[in-house]
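Here are the chains, one letter per residue:
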Amino acid sequence: MSQTTTSQLSFSDGMIRDHHALHSLDGVTAVLDWSAIEGLLSPIYSSRSGRPSYPLVTLFRSLLLGCWYRLSDVQLEAQLARDLVFRKFVLLGLNEGTPDHSTLSRFRQQLEAHALWEKLLAEVNRQLTAQHIIMQWGQVSIIDASVIEAHQSGPGKRKDGSATRDPEAGWNVKQNTRGKKTSTYGYSFHSNVDEDGFILGYDMTPGNVHDSQRFEELFTGEEAAVYADSAYASRATEKKLAARGIRNHVQRKGYRNHPISDTDRERNKEIGVTRSVVERVFGTLKRHYGMGRTRFLGLLRNTVHCGLLAIAYNVRKGAHFVQQYGVVGA
């Protein structure tokens with residue numbers, strides 16, 4: 001069975017002299033109602049018998065730390081054992097043991113087995129929306145995809161002659177404005193973000209799946225307008241947006257013998273100003289969250305990991321909004 005969380009301090013915890021550095025994660029702690037998160041995690045380890053595990057919210061918070069500080073499970077295990085801020089955030093006292101890397105890995109696999117990552121992201125976004133941190137009315141969806149190189153993408157072979165390359169990834173081929181093609185073996189992270197850069201939804205596919213094939217699946221159902229680059233431009237896209245009453249801000253593209261007009265070129269520039277938000281989100285995730293390359297083999301496992309990255313990103317961004325603008329829940 002799983003333990004429940006407690007905020008009661010042990011005698012050893014009470015002996016620690018307070019310091020401002022010990023409060024560096026207080027903002028991300030305060031921005032969420034963690035009991036609701038704990039409720040979503042309850043299907044994991046729900047057996048009433050057997051050796052007690054660590055509290056589920058402790059394990060979940062631990063994985064968030066791994067996302068924020070780009071730590072492997074082995075590195076996270078060591079940091080939890082020696083860092084007071086980490087212990088405080090995951091609700092473990094000084095007299096308590098810390099989860100080892102295998103426990104953290106098994107917990108991630110349980111998130112996968114119970115298909116919880118989408119529910120967790122939806123709950124985080126629901127809470128941020130309730131506090132008016134994520135805006136709901138007049139919501140704007142900015143849709144794009146970014147390729148993530150597979151951790152095992154080279155041409156190597158095992159002793160039995162089988163390829164070491166991730167079998168569920170695919171080749172992503174892009175052509176830049178100068179006509180030069182680049183190829184990456186990996187996955188595509190399809191994302192919908194709002195004007196402030198919060199991740200509203202995402203999907204993962206092998207790299208060879210075209211961006212437009214996950215366009216409509218990323219809609220929240222609340223958007224008033226959709227922004228996207230010309231990879232999504234088509235008559236089918238125009239019809240889908242018109243049928244939903246959504247303002248169309250998809251960049252237009254020219255075709256052979258039908259070059260783009262000057263009016264459309266200016267329109268594309270205006271759209272590009274808003275659309276650039278999603279590029280900054282991808283940049284942050286790759287530069288600071290380690291999403292430039294996958295950590296695991298297989299589509300599902302990497303989908304779960306990117307879901308955790310999206311949750312960690314939104315929680316931290318929400319805490320920053322509260323700090324900067326003093327957003328107060330309704």
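Procedures and definitions
Residues numbered from 1 in each chain as written. Predicted model: local features only at pLDDT ≥ 70, side-chain atom pairs only at ≥ 80, totals over all residues. Heavy atoms only, no water. Helix = DSSP H or I, 4+ residues; strand = E, 2+ residues; numbered from the N terminus. Rg over C-alpha atoms; globule rule 2.2 N^0.38 Å. Buried < 20%, exposed > 50% of the residue type's maximum accessible area, 1.4 Å probe, protein only. Contact = heavy atoms within 4.5 Å. Areas by Shrake-Rupley, 256 points an atom, 1.4 Å probe, with all protein chains shown as cover. Lys, Arg positive; Asp, Glu negative; His and termini not counted. Charge placed at Lys NZ, Arg CZ, Asp CG, Glu CD. Core = buried A, V, L, I, M, F, W, Y, C linked by side-chain atoms within 4.5 Å. Pairing = 2+ DSSP bridges. Phe/Tyr/Trp six-rings, centres within 6.5 Å; stacked < 30°, edge-to-face > 60°. Lys NZ or Arg CZ within 6 Å of the ring centre and 35° of its normal. Axes fitted to C-alpha atoms, helices over the stretch in contact; angles between N-to-C directions. Parallel < 35°, antiparallel > 145°, perpendicular 65-115°, else oblique. Nonpolar A, V, L, I, M, F, W, Y, C, P; charged D, E, K, R; others polar. Expected span 1.5 Å × (residues − 1). Salt bridge = Lys/Arg side-chain N within 4 Å of Asp/Glu carboxyl O.

Thoughts on the overall build of the protein chain
Counting secondary structure elements, the protein chain contains 11 helices and six strands. Taking 2.2 N^0.38 as the reference for a compact globule, 330 residues should give roughly 20 Å; the C-alpha atoms of the protein chain span a radius of gyration of 22 Å, in line with that estimate. In terms of overall dimensions, the protein chain has a C-alpha envelope of 75 × 60 × 35 Å along the principal axes. Looking at the protein chain as a whole, 45% of its 330 residues qualify as buried. Taking contacts inside the protein chain between residues at least 6 apart in sequence as the whole, the part at least 24 apart equals 66%. Looking at the protein chain as shown, the accessible area adds up to about 17,400 Å², and 50% of this sits on carbon and sulfur atoms. Of note, the protein chain has its 41 positive side-chain charges centred 6 Å away from the centre of its 34 negative side-chain charges.

Re the nonpolar core
Grouped together as the largest cluster of nonpolar side chains are 72 residues, with contacts concentrated most on Leu41, Phe60, Leu65, Trp68, Phe107, Leu111 and Phe189. For this core, the element with the highest residue contribution is helix H11 (residues 299–325), accounting for 11 residues. Not counting residues within four places of it along the chain, the set of residues in contact with phenylalanine 189 comprises Asp144, Ala145, Ser146, Ile148, Tyr202, Asp203, Met204, Phe282, Leu285, Met291 and Cys306. Ranked by size, the runner-up nonpolar core spans 12 residues in total, among them Leu218, Val226, Ala233 and Leu241.

Looking at the pairing of strand E6 (residues 247–250)
As judged from the four bridges shared by strand E5 (residues 223–228) and E6, these two strands associate in the parallel manner. Bridged to valine 226 within E6 is asparagine 248.

Notes on the packing of aromatic side chains
A ring pair, where both rings are aromatic, is described by two values, the distance of the centres and the angle of the planes. Tallied over the entire structure, the rule returns 11 aromatic pairs. An angle of 45° between the planes, with centres 5.1 Å apart, marks the rings of tyrosine 69 and phenylalanine 86 as tilted. Remark: phenylalanine 86 occurs in helix H6 (residues 84–89) and tyrosine 69 occurs in the loop between helix H4 (56–68) and helix H5 (73–82); sequence separation between them is 17 residues. The exposure class of phenylalanine 86 is buried, given its relative accessible area of 4%. Their ring planes at 75° and their centres at 6.1 Å tell us that phenylalanine 189 and phenylalanine 282 sit as a pair that is edge-to-face. Here phenylalanine 282 lies in helix H10 (residues 262–288) and phenylalanine 189 lies in strand E3 (residues 181–193), a separation of 93 residues in the sequence. Residue phenylalanine 282 is classed as buried on the basis of its relative accessible area, which comes to 3%. Among the aromatic residues, those joined into a cluster by ring pairs are Trp34, Trp68 and Phe89. One Lys or Arg, arginine 61, reaches over the ring of phenylalanine 89 and ends 5.1 Å from the middle of that ring.

Details of the packing of helix H7 (residues 101–113) against H11
Contact geometry of H7 with H11 gives a least axis separation of 10 Å together with a crossing angle of 100°. Classified by the angle their axes make, H7 and H11 are roughly perpendicular. Where H7 approaches H11, its residues Arg108, Gln109, Leu111 and Glu112 are matched on the opposing element by Leu300, Arg301, Val304 and Leu308. Looking at the contact of H7 with H11 residue by residue, the classes come out as four nonpolar, one polar and three charged.

A word on helix H8 (residues 117–130)
With 14 residues, H8 extends 20 Å between its outermost C-alpha atoms, agreeing within 8% with the 20 Å of an ideal straight helix rising 1.5 Å per residue. Considering only its buried residues, H8 is in contact with helix H3 (34–41), H4, H7, strand E4 (199–206) and H11. Residue histidine 132 follows H8 closely and has a positive phi angle near 65°.

Focus on the environment of glutamine 152
Mapped onto the elements of the fold, glutamine 152 is located in the loop between strand E1 (139–149) and strand E2 (170–175). The exposure class of glutamine 152 is partly exposed, given its relative accessible area of 28%. With sequence-adjacent residues up to four places away left out, glutamine 152 is seen in contact with Thr164, Arg165, Asp166, Tyr185 and Leu297.

A closer look at the pairing of E4
Judged by how many residues are buried, E4 sits mostly within the fold: six of eight residues are covered. Here E3 pairs with E4 via seven bridges, running antiparallel. Residue pairing for E4: valine 193 is matched across the bridge by isoleucine 199. Linkage of E3 to E4, two consecutive antiparallel strands, is achieved through a turn of five residues, within which glycine 197 is found at a positive phi near 95°.

A closer look at the pattern of salt bridges
Between side chains of opposite charge, pairing is possible as soon as their charged atoms come close. Enumeration according to the criterion identifies 15 salt bridges in this entry. In this structure, aspartate 203 engages arginine 214 in a salt bridge whose closest nitrogen and oxygen atoms are separated by 2.7 Å. With aspartate 203 in strand E4 and arginine 214 in the loop between E4 and E5, this pair connects stretches of sequence that are 11 residues apart. Exposure remark for arginine 214: the relative accessible area of 25% places this residue in the partly exposed category. Glutamate 266 is paired through a salt bridge with lysine 269; the nearest N and O atoms lie 3.7 Å apart. On the criterion of helical spacing, the pair formed by glutamate 266 and lysine 269 is a turn pair, its members being three residues apart in helix H10. The structure contains a network of salt bridges with shared partners spanning Asp144, Asp229, Arg275 and Glu279.

Some remarks on the side chain of arginine 61
With respect to the element layout, arginine 61 can be found in helix H4. The buried charged residue arginine 61 lacks any salt bridge, with glutamate 38 as its nearest oppositely charged partner at 8.2 Å. Every residue in contact with arginine 61, bar those within four places of it in the chain, is listed here: Thr29, Trp34, Phe89, Val90 and Leu91.

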